[in-house]
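Structural overview
Given next are the chains, with one letter for each unit.
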Amino acid sequence: MNDLTTATLHAAMRGLAQRQRVIADNIANVDTPGFLAGKVEFESSLRDAVRTGDPAGVRPVTERSLAPTGPNGNNVQLDEETLSNIQTGLRYQVAVEAMNAKFALLRTAIGGR
């Protein structure tokens, strides 16, 4: 199954999963001298890909944050990372629920329960 909705949800879930991994890495390195936080961006490329009808080609991009660093050269902000982790988890949950609803419609359409 490779319709636009399913492909878009799958691409969004891939990007959100990568963001969660990067956030976990950031939090794990909150006290590591010289560590620069990672940031994942995929929403703008997903938006463009949906406009062109090819969200399957979306690849999340991870870059190092250019935010100011503390005295030890680390720029991880634990409160920001925690909030971002919560937001990302909620967005992932919404995408999973949307995917479940899509499959429920398909099951109904083919006569399943």
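Refer to the preceding data block for the structure.
Let me sum up the structure you'll find in this document. These numbers come from a predicted model, not from an experiment.

Looking at the overall build of the chain
When helices and strands are tallied, the chain shows three helices and two strands. When its helices and strands are written in sequence order, the chain yields α-β-α-β-α. In terms of principal-axis extent, the alpha carbons of the chain reach across some 65 × 30 × 15 Å. For the chain, with 113 residues in total, the buried portion stands at 30%. Here the analysis covers contacts within the chain between residues at least 6 apart in sequence; of these, 75% occur between residues at least 24 apart. Treating the 12 positive side-chain charges of the chain as one cloud and the 12 negative ones as another, the clouds have centres 9 Å apart.

What to know about the packing of helix 1 (residues 4–28) against helix 3 (residues 78–109)
Relative orientation and spacing of two packed helices are given, respectively, by the angle between their axes and the distance between those axes. In the contact formed by helix 1 and helix 3, the axes pass within 9 Å of each other and the chain directions differ by 155°. It follows from the interaxial angle that helix 1 and helix 3 lie roughly antiparallel. The crossing of helix 1 and helix 3 is left-handed. Broken down by class, the residue content of the contact of helix 1 with helix 3 amounts to twelve nonpolar, nine polar and four charged.

Considerations on the pairing of strand 1 (residues 38–41)
Burial of strand 1 is one-sided: the residues Gly 38 and Val 40 facing one way are buried, the residues Lys 39 and Glu 41 facing the other way are not. By the bridge criterion, four bridges tie strand 1 to strand 2 (residues 61–64) in an arrangement that is antiparallel. In the strand pairing of strand 2, Gly 38 is matched with Arg 64.

Brief notes about helix 3
In this model helix 3 runs 46 Å from its N-terminal to its C-terminal C-alpha over 32 residues, within 8% of the 46 Å that 1.5 Å per residue would give. By the burial criterion, the buried members of helix 3 are Glu 81, Thr 88, Ala 95 and Met 99. As for helix 3, its buried residues are in contact with helix 1 and strand 1. Count one or two residues on from helix 3 and you reach Gly 111, which has phi positive near 90°.

Considerations on the nonpolar core
Counting residues in hydrophobic clusters, the biggest one holds nine residues: Ala 11, Ala 12, Leu 16, Val 22, Val 40, Phe 42, Leu 46, Ala 49 and Val 58. Those elements that provide at least two residues to this core are helix 1 and helix 2 (43–52). Broken down by element, the residue count for this core peaks at four residues, all from helix 1. Not counting the four nearest positions on each side in its chain, Val 40 is found in contact with Gly 15, Gln 18, Arg 19, Val 22, Pro 60, Val 61 and Thr 62.

A few points about the pattern of salt bridges
Taken as a whole and assessed by the stated rule, the structure comprises four salt bridges. The partner of Glu 81 in a salt bridge is Lys 39, with the nearest N and O atoms 3.1 Å apart. Highlighted residues: Glu 81 in helix 3 and Lys 39 in strand 1, separated in sequence by 42 residues. A relative accessible area of 2% places Glu 81 in the buried class.

With respect to the packing of helix 1 against helix 2
It is the contact of helix 1 with helix 2, at a shortest axis distance of 11 Å, that shows an interaxial angle of 170°. Between helix 1 and helix 2, the angle is such that the two are roughly antiparallel. Residue-level inspection shows Thr 8, Ala 11, Ala 12 and Arg 19 of helix 1 in contact with helix 2, the latter providing Glu 43, Leu 46 and Val 50.

What counts and how
- Residues numbered from 1 in each chain as written.
- Predicted model: local features only at pLDDT ≥ 70, side-chain atom pairs only at ≥ 80, totals over all residues.
- Heavy atoms only, no water.
- Helix = DSSP H or I, 4+ residues; strand = E, 2+ residues; numbered from the N terminus.
- Buried < 20%, exposed > 50% of the residue type's maximum accessible area, 1.4 Å probe, protein only.
- Contact = heavy atoms within 4.5 Å.
- Lys, Arg positive; Asp, Glu negative; His and termini not counted.
- Charge placed at Lys NZ, Arg CZ, Asp CG, Glu CD.
- Axes fitted to C-alpha atoms, helices over the stretch in contact; angles between N-to-C directions.
- Parallel < 35°, antiparallel > 145°, perpendicular 65-115°, else oblique.
- Left-handed = near helix turned anticlockwise from the far one by under 90°.
- Nonpolar A, V, L, I, M, F, W, Y, C, P; charged D, E, K, R; others polar.
- Pairing = 2+ DSSP bridges.
- Expected span 1.5 Å × (residues − 1).
- Core = buried A, V, L, I, M, F, W, Y, C linked by side-chain atoms within 4.5 Å.
- Salt bridge = Lys/Arg side-chain N within 4 Å of Asp/Glu carboxyl O.

Everything listed is a geometric property; what it means functionally is a separate question.
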